[in-house]
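Structure at a glance
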Amino acid sequence: MVDGDEVHRLLVRSDCVSPVVAEMWQSHIQKSEVIPNDLVQSTLEALLNAPVVTYLVSVEGKRALEDLYPSLIAVMAAQDAILALGGADLFGERICTRLDEIAQKAFPSHIAAQILAPIDGGPNAPGLEVLRLCVLLLTRCAGGARQLTSGAVLALAGGDMTTAVALCLAVIRNPGSPEIPELQVRCWQILYHYSTPHGATEFERFSGHSTNDVPIQERLGDHIQHLHRMASALVQFDAVTIACSCSEDAKQRATTLVWVLRLIHNLSASENFW
């Protein structure tokens, strides 16, 4: 259920539309009225052309832009709220193109430390929140959770496994408002995929490292290291607690537990992993 007051708050915080427009959204939602197409289009157009987004697209060079995170988060959160009500069919392609720009410009080097640098003992919340919103926008534009691929998440994470794990868990913890159906389960499926040999190869391909001529014993060693790093990341970002929390929903409890147990099995079943 979409909250009119919350949409109003997000639009005002984005500083991209007038208070009158924000109040129009609030009124339509509270009265359960159909949102006029022209209002949807004009609002998404304003958010797409927000000053912070325009700057990211036009800025030259590759450098971290952490000072832009608060403004960027405000705009992206408002976009997500509006897309939950409509407009993905008209603006999906443009929004996804801008997401590529955001990932490349806001996190040019895709260095895990930029996203995961500890703040009060946890990951860099603003940096991770930008990537989480990227996943939500991409999923809404693509037509739902089933369209989200492991490759798309990996690309947003810049090919870094620790960042990819942190990103999936951040999305599982907060799968949108209103929640995107089946997104939590889809992220567990992606984490499971990363724990398979095929998933490990996906990371290698992203980094440009070819293993075609590598002896099988050496590949086994690389895979064990990959799984050890993944297990450490899952522990670091409190995966078990998050799994228990999202299993409280009876509708997805069984499916969630299946994928979590498969993931744990891949990380611990072989004697080579200990």
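Overview of the packing of helix α2 (residues 19–30) against helix α3 (residues 37–48)
Between α2 and α3, the shortest axis-to-axis distance is 11 Å and the interhelical angle comes to 135°. Classified by the angle between their axes, α2 and α3 sit oblique to one another. As α2 packs across α3, the resulting crossing turns out to be left-handed. Counted together, V21, M24, W25 and H28 of α2 and L39, V40 and T43 of α3 form the full contact between these two elements. Looking at the contact of α2 with α3 residue by residue, the class counts come to five nonpolar, two polar and no charged.

So, the side chain of S150
Topologically, S150 is positioned in helix α9 (residues 150–156). Only 3.2 Å separates the side chain of S150 from the side chain of E202, close enough to count as a polar contact. S150 has contacts with R186, I190, H193, Y194 and E202, leaving out every residue within four places of it along the chain.

Observations regarding unusual backbone geometry
The residue after S177, namely P178, is reached through a cis peptide bond having omega 5°. In this fold, P178 is placed in the loop between α10 (161–173) and α11 (183–194). A positive phi angle, close to 55°, is found at S32, a residue other than glycine. With respect to the helices, strands and loops of the structure, S32 is situated in the loop between α2 and α3. When its relative accessible area of 63% is taken as the criterion, S32 is described as exposed.

Observations regarding the nonpolar core
With 84 residues, the main nonpolar core has W25, L169, W188 and L191 as its most contacted residues. Aside from chain neighbours lying at most four places away, what touches W25 is V7, L11, I35, L39, V40, T43, I82 and L85.

About the thresholds
- Residues numbered from 1 in each chain as written.
- Predicted model: local features only at pLDDT ≥ 70, side-chain atom pairs only at ≥ 80, totals over all residues.
- Heavy atoms only, no water.
- Axes fitted to C-alpha atoms, helices over the stretch in contact; angles between N-to-C directions.
- Helix = DSSP H or I, 4+ residues; strand = E, 2+ residues; numbered from the N terminus.
- Parallel < 35°, antiparallel > 145°, perpendicular 65-115°, else oblique.
- Left-handed = near helix turned anticlockwise from the far one by under 90°.
- Contact = heavy atoms within 4.5 Å.
- Nonpolar A, V, L, I, M, F, W, Y, C, P; charged D, E, K, R; others polar.
- Polar contact = N/O pair within 3.5 Å; in protein donor to acceptor, adjacent residues only side chain to side chain.
- Buried < 20%, exposed > 50% of the residue type's maximum accessible area, 1.4 Å probe, protein only.
- Core = buried A, V, L, I, M, F, W, Y, C linked by side-chain atoms within 4.5 Å.

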